[in-house]
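Each chain, letter by letter, is given below.
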Amino acid sequence: EKFWMRSLSLDDDSVAHIANSLSKNEKILEFTVNTDEISITGWDHVANALCDTTTIASTYTSNHTLVDFGGWQRPTKISWCLELNKNPDKTMVARIKVIDCH
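Predicted, not measured: the structure shown is a model, and the values here were computed from it. (Residues numbered from 1 in each chain as written. Predicted model: local features only at pLDDT ≥ 70, side-chain atom pairs only at ≥ 80, totals over all residues. Heavy atoms only, no water.)

A. Structural context of helix α5 (residues 90–101). For α5, built from 12 residues, the straight-helix expectation of 16 Å at 1.5 Å per residue is met to within 8% by its first-to-last C-alpha distance of 16 Å. For α5, the complete set of buried residues consists of Val 93, Ala 94, Lys 97 and Val 98. In a view along the axis of α5, the buried residues occupy a sector of 130 degrees, so they form one face of it. α5 presents Ile 99 and Asp 100 as exposed residues on the side facing more than 90 degrees away from its buried surface. (Helix = DSSP H or I, 4+ residues; strand = E, 2+ residues; numbered from the N terminus. Expected span 1.5 Å × (residues − 1). Buried < 20%, exposed > 50% of the residue type's maximum accessible area, 1.4 Å probe, protein only. Arc of directions from axis to C-beta.)

Right, here's the structure in full:
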């Protein structure tokens, strides 16, 4: 599944709501938004959805489905998570995230 929000302006609260929705998502693979307006705080929300480091359990149950968010301008950690999520073995993805973050 793909979701496009290319022409909308996003503030940190909007990105936080999107990231929260994506955190347990198992259907949407690609989410396209205008990344030019996403601040560091907004990117932190996205990173948390992809790899919540609060606890080992949180990391293990983070989003392992999303493989693309935004365009090509995104922080390295998010690119790493999205690339890792391309692995079809989601159990392995979860384990790698846990090992890397804890």
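B. Geometry of the packing of helix α4 (residues 76–84) against α5. Following both chains from N to C, one finds α4 and α5 inclined at 150 degrees, their axes separated by 10 Å at the closest point. In terms of their interaxial angle, α4 and α5 are classed as roughly antiparallel. From α4, Trp 80, Cys 81 and Leu 84 reach across to α5, where they touch Val 93, Ile 96, Lys 97 and Asp 100. By residue class, the composition of the contact of α4 with α5 is five nonpolar, no polar and two charged. (Axes fitted to C-alpha atoms, helices over the stretch in contact; angles between N-to-C directions. Parallel < 35°, antiparallel > 145°, perpendicular 65-115°, else oblique. Contact = heavy atoms within 4.5 Å. Nonpolar A, V, L, I, M, F, W, Y, C, P; charged D, E, K, R; others polar.)

C. Main features of the nonpolar core. One finds Phe 31, Leu 66 and Phe 69 to be the most contacted residues of the largest nonpolar core, which totals 19 residues. If you list the elements that add at least two residues to this core, you get α1 (12–23), β2 (30–33), α2 (40–50) and α4. With four residues, the single largest contributor to this core is α2. For Leu 66, the residues in contact, after removing those within four places along its chain, are Leu 22, Ile 28, Leu 29, Glu 30, Phe 31, Leu 50, Leu 82 and Asn 85. (Core = buried A, V, L, I, M, F, W, Y, C linked by side-chain atoms within 4.5 Å.)

D. Fine view of the environment of Asn 63. Within the fold, Asn 63 resides in the loop between α3 (56–60) and β3 (68–69). Judged by relative accessible area, which is 1%, Asn 63 ranks as buried. On a C-alpha basis, the gap between Asn 63 and Glu 26 in space is 7.4 Å, while along the polypeptide they are 37 residues apart. Once residues lying within four places of it in the same chain are set aside, the contact partners of Asn 63 are Leu 22, Ser 23, Asn 25, Ala 49, Leu 50, Asn 85 and Lys 97. A distance of 2.8 Å separates a polar side-chain atom of Asn 63 from the backbone nitrogen of Thr 65. (Polar contact = N/O pair within 3.5 Å; in protein donor to acceptor, adjacent residues only side chain to side chain.)

E. Summary view of α2. Along α2, the positions that sit buried rather than exposed are Gly 42, Trp 43, Val 46, Ala 47, Ala 49 and Leu 50. Down the axis of α2, the buried set is contained in an arc of 160 degrees. They therefore lie on one face. Considering only its buried residues, α2 is in contact with α1, β3, α4 and α5.

F. Summary view of the state of the cysteines. In this structure the tally under the stated criterion is zero disulfides. We note that Cys 51 lacks a disulfide partner, and the nearest cysteine sulfur, in Cys 101, lies 3.3 Å from it. On the accessibility criterion, Cys 51 (1% relative accessible area) is buried. (Disulfide = S-S within 2.5 Å.)

G. Fine view of the packing of aromatic side chains. All chains considered together, the criterion is met by three aromatic pairs. A centroid spacing of 5.5 Å and a plane angle of 5 degrees characterise the contact between Phe 31 and Phe 69, whose relative ring orientation is stacked. Linking Phe 31 in strand β2 with Phe 69 in strand β3, this pair joins segments that are 38 residues apart in sequence. According to the relative accessible area criterion, Phe 31 is buried, its value standing at 5%. (Phe/Tyr/Trp six-rings, centres within 6.5 Å; stacked < 30°, edge-to-face > 60°.)

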